[in-house]
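# Secondary and tertiary structure notes
What follows is each chain in one-letter form.
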Amino acid sequence: SKGAPEAIARLCACTDEERARLERETLTLAEGGHKVIACAARELGREGDGAWAGGEPDRGYRLLGVIAFEDPLRAGVREALAECADAGIRTIMVTGDHPSTAKAIATDAGLGGGEPRVISGEELDRIVREAPGELERVDVIARAIPSQKLALVKALQHSGHVVAVTGD
């Protein structure tokens, strides 16, 4: 299996020390702007031996490690964001990446004046329900899932904003 390190860690039979090391490595790589994916494996056994009854295995994995990808900003991104800001267009970056990865990339891009305010998709859920005005101070939403992206668009529209969405 592969995915977000925190999700993969929940599937693994790790010691506290192994979990702490995974968190440290993930944070170090993410703060450097890398996309980080954890990998784990599990033996399913053979048919008829009772080791696996089918379905999606959800525990008993062995953590293999992490893979870090460098995905630098494309040429012209900083300039395009600055041009948008000059035109009065506010940009919010929404990503499935780790919050530290998202912050490093947003900082490099110049969002939030080089000091972007980053929240998680879970925090977005709370803000949309309880304090939509806080969205005015958010520059980045990390670990967001598609339904949270839609909730953001609806909340901004409800607040009177004209919203445009673009992908990578």
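## Here's the deal with unusual backbone geometry
- At Arg 143, a position not held by glycine, the phi torsion is positive, near 50 degrees.
- In this fold, Arg 143 is placed in the loop between strand S6 (140-142) and helix H6 (146-158).

## Considering the nonpolar core
- Of all hydrophobic cores here, the largest spans 11 residues; its members are Ile 92, Ile 119, Leu 124, Ile 127, Leu 135, Val 138, Ile 141, Ala 144, Leu 152, Ala 155 and Leu 156.
- The element best represented in this core is H6, accounting for three residues.
- Apart from residues no more than four positions distant in its own chain, Val 138 is found in contact with Arg 90, Ile 92, Arg 117 and Ile 119.
- Counting residues in each nonpolar core, the second largest holds nine residues, with Met 93, Ile 105, Ala 106 and Ala 109 among its members.

## Overview of the sheet that holds strand S3 (residues 62-69)
- Strand order in the open sheet made by the three strands is S1-S2-S3, with antiparallel pairing throughout. Each end of this open sheet is capped by a strand with a single partner; those strands are strand S1 (2-3) and S3.
- Relative to the sheet, helix H2 (residues 16-31) contacts strand S2 (35-41) and S3, its axis offset from that of S3 by approximately 10 degrees.

## Here's the deal with the environment of Ala 30
- Along the polypeptide, Ala 30 turns up in helix H2.
- Placed 37 residues apart in sequence, Ala 30 and Ile 67 show a C-alpha to C-alpha distance of 11 Å.
- With near-sequence residues (within four places) excluded, Ala 30 lies in contact with Val 36, His 98, Ser 100, Thr 101 and Ala 104.

The rules behind the values
Residues numbered from 1 in each chain as written. Predicted model: local features only at pLDDT ≥ 70, side-chain atom pairs only at ≥ 80, totals over all residues. Heavy atoms only, no water. Helix = DSSP H or I, 4+ residues; strand = E, 2+ residues; numbered from the N terminus. Core = buried A, V, L, I, M, F, W, Y, C linked by side-chain atoms within 4.5 Å. Buried < 20%, exposed > 50% of the residue type's maximum accessible area, 1.4 Å probe, protein only. Contact = heavy atoms within 4.5 Å. Pairing = 2+ DSSP bridges. Axes fitted to C-alpha atoms, helices over the stretch in contact; angles between N-to-C directions.

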